[in-house]
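An overview of the molecular structure
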Amino acid sequence: MSLLFVSSSLAREKSPKPVMVPELILTGGRKLIYKGSISSQKQVRARRGFWNRLLDVVAGEPTFHDLIVPYDVVTDSRGRIIVTDPGASGIDIFDFVRHRFKFVSRQKHRDPMISPQCVAVDAADNIYVTDSYSGKIFVFDPNGDFRRVIGSLRGGEGYFKRPTGIAVDSQEQRIYVTDTLRHRIYVLDMEGHILQEIGHRGTGPGEFNYPTELRLQDKDLIVVDAMNFRVQVLNRSSGKFEYAIGGSVNGQAQLFRPKGIGVDSEGHLYVVEGLSDMVQVFNRQGQLLYYFGRPGDGLGEFQLPTGLFIDREDFVYVVDSYDRRIEVFQYFGAERG
Amino acid sequence: MQGKQDFWRLFRLQFTAVVAVVLASAARAVPQVTVGDASLNLTGNISGGYSGSYSNFGPSSHGIGFGGTGNLSGSYYNPQFLSFSVAPFYNQSRNNSNYQSITDSSGVTASTTIFGGSRYPGFLNYSYVYNSENDFLLPGIANYKTNGNSQTFGVGWSGSPTDTLGFSVGYQQATNNSTVYGTPNEINSDFHSIFGTLRYSIAGFRLGGGIHHSNGNYFFPLSLAGQIGQTNQVGTTTYNFDLSRNVGWNGSTWFNYSRYSTTYNTVGTRDSATDNILTGGVSLRPAKKLSLSFGADYDDNLAATLLRPENNLGVVLNPALPAETSHSWGVYGEAQYELIKELHFTGDIVHRQQLFLGESFGSTAYSGGVSFGRELFGGRFSENTIATKSDLGNTGGSLVGLLNNAIYTRRVGAWNLNGSFSYSRSIETLLLGYTTSGFSYSTSAGRRLGRLYWTGTAAGSKSMLSEQQGPTTYTQSYSTGISYSWLGLSGSYSKSSGLGLITSQGITTLPTGLPPSLVPSPIHYGGRTYSVGVGGTPIRGLIFTGTFASTTSNTATGLISSNNHTEEAFTYLQYKFRKVFFTAGYSRLLQGFSASTLAPAVVNTYYVGLSRWFNFF
């Protein structure tokens, strides 16, 4: 439902060149449809009445907040789209249902949020943000008000060396966070106490070389193992290696610069491939099913894509970082297609 | 009663006109305009309000007024082919905009470039500013305020037909006429400059040459300079030729010839001087950590060379240059060695012979130095020391000189501390036998105290010429500021005194090492300034600021002395709602000179109004 507003705002966009809205027809009646893009607070606002339009003419339109360098994206149970923007040192909350927008930042002397990287929400829609620069995790309530910081040491330094990927298991009351420079995953309780450490530096199964993003899916913990050029799937409770996608297959790499990841309702794994500005879709056996996107600033094209998120309605959100926007697709599986 | 009705009728008419203009402008707003191959953007600001000006230094008035700014920019065919920008402004002052003028100032600035993306780029720029406030410089403390008009024009073209051949030509012109508030005298300056350069590379040699001619006419204020009709006209033509090429041991060798011809007309006396300067040398780097340099120079008219900084400033020169011939030659060698990272040793030897005012000077100077930087006590320390020993051949005496610089930076708990200190003693100037000594320091500290943040700075300097009684320049300045949430307070105090030269731009400090015998009319200056300020943003979109500064100073030449006083107060309030700005401002200037025939100037201005920013297309 929320994407209706994205699509209507898309209709108002002016593009410098003629474009074709991408629609991928896949086997078994499946398809992937481009729905629109999000780049500005302006797209959130409701239809303007006469007096508001008159005010716009006389006093000018308000100053809208635009995405600067978006990095990661997630949606919450209210259908809101939450985007981290390290370029603005904050996060943007787009609420297309209630026509509301909020930019959340924290520029305090104590524990400022400097470079928000990845974002996750819990079952109560609290927002968890990793700050790769300060080495901390910031927690905001659903309204965007600051609640607490995880990993802040007494002197103000961050405990984590470079926290990036983050996921929250509300049922088990666990926070999973990647520390890229320590080559491991930390499992924390909701207060930030370390319960478990998964992995260490290496190239073998269950070992990492600069891990970045992660996702929780059923019993799986899916981790982007960036410099091993693969995505590893672990058991989320034991941390045991299950299988990997990418790496070297018959001497040929399948993933070159893996970034954001997501899983659709049919269990397909979507991996952002930063080198060729596309999204690759694999099945659980690691077989490449199809890909979409290409370098460019047109509809369905990417330049330096980073984060990816798939919600329960199979809307696929891809952060198109250099083009300062979030591109939205919808996947229709076999039973719905 | 009838007059009141007329006023409100006029007010309604003018207000209706402003609203009509605003609505018409907003309704026509489109992103960009393309006309044929031309692409245009226009942004601007239209303002209207009630303003007043009460002064004993010019006309007083009050009433509804309009103003605005614009910025038309664009390109033709391609920005790399032709791009341009024109920015006019009308009735802008510090009370209603960011133009720092007490009075309503108007003007235009324009610039264009052609063939910017080619090997033959050219440019043209122009500016004209009318009725603006400017500064008449006073070293180390707040400047005197002036009011006047200025105009600049420049055009230039350069080319690189091949990688080995290049040229450039250009012309610059600037005129300025203004009046120091509180004096009846105009300051005029008119400056023209034309130049051409050529460079060529062949067989490993790099050749370059050029000609530059400038001509300036300057007229100084009577109340400070002390002479009626004290004008100065200076023309300088410079020819330059240089040759260089790379040699072994990662080195290079060079030769340079410059010829300066100067004509001047000071208070009706005309004279001219020409000096030829030859320099040459070689630089080598035989090892990664060792570099060597050797060179020689010859100047066939030392007096003219010493006078050139004064010429360039446009100051009043001696009615006639020294009749005696003068010359200078020297040879030098220098070595630099890096023992470890951030630890350098230098050593050099310079021998120089000079003939000046009929007297011969000779000197052989040896100097050695060390510079290093390192982390020290949790902070960063860097140090540079050079010691010099000079043997003066003609007197048999010797001088020991020292130059030292030290800088230390560190954070101590919640404190941020910075400090630097520099000391020099008996440092030789261009003219042998004249040395300078002095010191300078600067410190700053900052600390957070809960939600308060405090900063403080202190700086000072003193320099002396050995053949001059008392310090040549002496300055001190202190400032402090404190901020709390949306509110900030600041205060400063500065004190300055010394010997300077009067130019059309103001008083400048004496060029280092200039012999007193070549300074016919130096000006002694001294004074102190204190200022306080407050500013803040209590709510989103609302800003306010208020400042007050008071300066007392005195100036004295051999002809006239003056006690001077300048006071400035300024308050400004602005509230932004979308693209509309509600603005109110008040300024007050008081400036007087005891040597002036006028009473101190008092200028009060105020403004209340609104403005709207537009992105027209």
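As the structure is a prediction and not an experimental result, all values here were calculated from the model.

**Remarks on the overall build of chain B**
Each helix and strand in chain B was counted, giving three helices and 30 strands. Counting the 617 residues in chain B, one finds 24% classified as buried. Here the contacts in chain B between residues at least 6 apart in sequence split such that 58% fall between residues at least 24 apart.

**Topic: the overall build of chain A**
Scanning chain A from N- to C-terminus turns up two helices and 27 strands. In summary, chain A has a C-alpha radius of gyration of 20 Å against a globular reference of 20 Å for 337 residues, a match within 12%. For chain A, the C-alpha atoms occupy an extent of roughly 65 × 55 × 30 Å along the three principal directions. A total of 337 residues make up chain A; the buried ones form 41% of that total. Of all intrachain contacts in chain A linking residues separated by at least 6 positions in sequence, the fraction that spans at least 24 positions is 47%.

**Concerning unusual backbone geometry**
In the Ramachandran plot, Tyr210 of chain A falls in the positive-phi region, its phi being about 60° despite a non-glycine side chain. Structurally, Tyr210 of chain A is set in the loop between strand 14 (194–198) and strand 15 (211–217). The partly exposed category is assigned to Tyr210 of chain A, around which 17 C-beta atoms lie within 10 Å. Residues other than glycine seldom take positive phi values, yet Arg578 of chain B does so here, at roughly 55°. Its place among the elements puts Arg578 of chain B in the loop between strand 28 (561–577) and strand 29 (580–593).

**Points about the pairing of strand 13 (residues 269–287) of chain B**
Residue and element names in this part refer to chain B. Two strands pair when backbone bridges link them, and strand 12 (residues 251–266) and strand 13 are joined in this way by 15 bridges, in the antiparallel orientation. Along strand 13, the bridge assignment pairs Trp254 with Gly281. Summarising the sheet, strand 13 and strand 14 (residues 290–299) pair through nine bridges and their orientation is antiparallel. If you follow Val282 over to strand 14, its bridge partner there is Phe294.

**Some thoughts on the nonpolar core**
As a rule of thumb, soluble globular proteins bury nonpolar side chains together. Ile82 and Tyr317 of chain A are the most contacted members of the largest nonpolar core, which has 72 residues in total. Tallying contributions element by element places strand 26 (residues 315–320) of chain A first for this core, with five residues. The residues touching Tyr317 of chain A, leaving out its near neighbours within four places in the chain, are Val73, Ile81, Leu308, Phe309, Ile326 and Val328 of chain A. In this structure, Tyr144, Ile187, Val315 and Leu501 of chain B belong to the second largest nonpolar core, which totals 25 residues.

**Observations concerning the sheet that holds strand 24 (residues 288–292) of chain A**
All names here are of chain A. In spatial order, the strands read 21-22-23-24; together these four strands make up an open sheet with antiparallel pairing. The sheet is open, and its two borders are formed by strand 21 (258–263) and strand 24, each paired with just one other strand. Across the sheet, the mean angle from the axis of one strand to that of its neighbour is 25°, orientation sign disregarded. Pairing geometry for strand 23 (residues 278–282) and strand 24, over four bridges, is antiparallel. Counterpart to Gln280 in the pairing with strand 24 is Tyr291.

**Notes on the sheet that holds strand 26 of chain A**
Residue and element names in this part refer to chain A. Taken in spatial order, the five strands of this open sheet run 1-2-27-26-25, and their pairing is antiparallel. Pairing within the sheet leaves two strands with one partner each, and these edge strands are strand 1 (23–25) and strand 25 (305–310). Shown here is a sheet whose adjacent strand axes are inclined to one another by a mean of 20°, direction ignored.

**Thoughts on the confidence of the model for chain A**
The predicted model of chain A averages 89 in pLDDT, with 91% of residues at 70 or higher. This model gives residues 1–20 of chain A a pLDDT under 50, and the stretch forms 25 contacts once residues within four places in sequence are excluded.

**What about helix 3 (residues 302–313) of chain B?**
Each α-helix winds once per 3.6 residues, and so residues spaced three or four apart point in a common direction. Taken as a whole, helix 3 of chain B has its buried residues at Leu302, Ala303, Ala304, Thr305, Leu306, Leu307, Glu310 and Asn311 of chain B. Just downstream of helix 3 of chain B, Gly314 of chain B is the residue with a positive phi angle, here 80°.

**Some points on the pairing of strand 26 of chain A**
Residues and elements named next belong to chain A. Taken across its six residues, strand 26 has six buried, putting it largely inside the fold. Residues Phe315, Tyr317 and Val319 point to one face of strand 26 and Val316, Val318 and Asp320 to the other, with burial holding for every one of them. Pairing geometry for strand 25 and strand 26, over four bridges, is antiparallel. The partner of Leu308 across the bridge, within strand 26, is Val318. The turn joining strand 25 and strand 26, which pair antiparallel and follow one another in sequence, is formed by four residues; a positive phi near 65° is taken by Asp314. Sheet topology note: the strand 26/strand 27 (residues 325–332) ladder contains six bridges and is antiparallel. Pairing of Phe315 across the sheet is with Gln330, part of strand 27. Two successive antiparallel strands, strand 26 and strand 27, enclose a turn made up of four residues, where Arg324 displays a positive phi of approximately 55°.

**Some points on the confidence of the model for chain B**
When pLDDT is averaged across chain B, the result is 87; 89% of the residues are at 70 or more. In the model output, the complex is listed with pTM 0.81 alongside ipTM 0.72.

**A few points about the environment of Gly159 of chain B**
Residues and elements named next belong to chain B. Its location among the elements puts Gly159 in strand 7 (residues 144–162). On the basis of neighbour count, Gly159 is assigned to the partly exposed category, with 16 C-beta atoms found within 10 Å. Apart from residues no more than four positions distant in its own chain, Gly159 is found in contact with Arg119, Tyr120, Gly166 and Phe167.

**What to know about the environment of Asn95 of chain B**
Along the chain, Asn95 of chain B turns up in the loop between strand 4 (82–92) and strand 5 (105–114). Apart from the residues within four sequence positions on either side, Asn95 of chain B is in contact with Gly585, Tyr586, Ser587, Thr605, Tyr606 and Tyr607 of chain B.

**Brief notes about the environment of Arg147 of chain A**
All names here are of chain A. Counting through the fold element by element, Arg147 comes out in strand 10 (residues 146–150). A C-alpha to C-alpha distance of 9.1 Å links Arg147 and Asn126, two positions 21 residues apart in sequence. Apart from the residues lying within four places of it in its own chain, the contact partners of Arg147 are Asn126, Val139, Phe140 and Asp141.

Cut-offs and rules
- Residues numbered from 1 in each chain as written.
- Chains lettered and ligands numbered in written order.
- Predicted model: local features only at pLDDT ≥ 70, side-chain atom pairs only at ≥ 80, totals over all residues.
- Helix = DSSP H or I, 4+ residues; strand = E, 2+ residues; numbered from the N terminus.
- Buried ≥ 20, exposed ≤ 12 C-beta atoms within 10 Å, placed from the backbone.
- Contact = placed C-beta atoms within 7 Å.
- Rg over C-alpha atoms; globule rule 2.2 N^0.38 Å.
- Pairing = 2+ DSSP bridges.
- Core = buried A, V, L, I, M, F, W, Y, C linked by C-beta atoms within 7 Å.
- Axes fitted to C-alpha atoms, helices over the stretch in contact; angles between N-to-C directions.
- pLDDT = per-residue confidence, 0-100.

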